Amino acid sequence: MAIEHTFSILKPDATRRNLTGAINALIEKAGLRIIAQKRVRFTREQAETFYAVHKARPFFGELVDTMISGPVVVQVLEGEDAIKKYRDVLGATDPAKADPGTIRKEFAVSLGENSAHGSDAPETAAVEIAQWFSGNEIVG
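Source: prediction; values computed, not measured. (Residues numbered from 1 in each chain as written. Predicted model: local features only at pLDDT ≥ 70, side-chain atom pairs only at ≥ 80, totals over all residues. Heavy atoms only, no water.)

J.: How do you make sense of the layout of surface pockets when you look at a structure like this?
T.: The gaps of empty space that remain are located by a probe, the size of a water molecule, rolled over the atoms. Approximately 620 Å³ is the volume attributed to the largest pocket. Along its surface, the largest pocket is lined by 25 residues, and Tyr51, His54, Phe59, Leu63 and His117 are the ones closest to its centre. Where the lining of the largest pocket is concerned, the elements lending two or more residues are α3 (44-50), α4 (60-67), β4 (116-118) and α7 (122-132). When residues of the lining of the largest pocket are assigned to their parent elements, the largest contribution, four residues, is made by α7. (1 Å grid on protein atoms, 1.4 Å probe; cavity = no way out; pocket = protein on both sides within 12 Å on 5 of 7 lines; lining within 4 Å. Points joined across faces, edges and corners; volume = space filled by probe spheres on them. Helix = DSSP H or I, 4+ residues; strand = E, 2+ residues; numbered from the N terminus.)

Structure representation (structure tokens):
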């Protein structure tokens, strides 16, 4: 397997409850390295751009409002099969359906406040990483 990069967001519900360290511990326990990380605040425009794929869905407005409600932690993760590995540690989008020990099962408040986001494909990861990090901010 090749070394991959993936993108992660620790969402406002997680940062509000000081869960960054606990979530990072699960990420690292899964064998992923955090090679870039910063705390930022999404603007409405950034959130709408980031989640544009969901624009036609009924939850889009609520999603954008949630993402601009407080600071987030954006990250670049590195590891073998990093995208799949991170999606496994995230757990199902719906925390009620997530496996025990996953980020969403352990920390999510609800379906809308599910604590973290992860890229779903290499192409998506590349676009998402480029939206938040320049090359010199990613240090493997």
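Moving on from the model shown.
J.: Would you mind going over the UniProt feature "active site" (unreviewed entry) in the chain with me for this structure?
T.: Listed under "active site" (unreviewed entry) in the UniProt record, and renumbered for this structure, are His117. Note on placement: His117 falls in strand β4. On the accessibility criterion, His117 (13% relative accessible area) is buried. Setting aside chain neighbours within four positions, we find His117 in contact with Phe7, Ser8, Ile9, Lys11, Phe50, Tyr51, Tyr86, Leu90, Arg104 and Glu128. (UniProt positions renumbered as here; feature names shortened; annotations may be inferred. Buried < 20%, exposed > 50% of the residue type's maximum accessible area, 1.4 Å probe, protein only. Contact = heavy atoms within 4.5 Å.)

J.: What exactly am I supposed to notice about the UniProt feature "binding site: ATP" (unreviewed entry) in the chain here?
T.: The sites that UniProt annotates as "binding site: ATP" (unreviewed entry) are Lys11, Phe59, Arg87, Thr93, Arg104 and Asn114. Lining residues of the largest pocket drawn from the annotated set just named are Lys11, Phe59, Arg87, Thr93, Arg104 and Asn114. Looking at the secondary structure, you find Arg87 in helix α5 (residues 82-90). Those residues in contact with Arg87 that sit more than four places away from it in its chain are Gly118, Ser119 and Asp120. Inspection of the secondary structure assignment puts Thr93 in the loop between α5 and α6 (103-107). Taking the relative accessible area as the measure of exposure, Thr93 reaches 45% and is therefore partly exposed. When near neighbours in sequence (up to four residues on either side) are disregarded, Thr93 contacts Arg104, Leu111 and Asn114.

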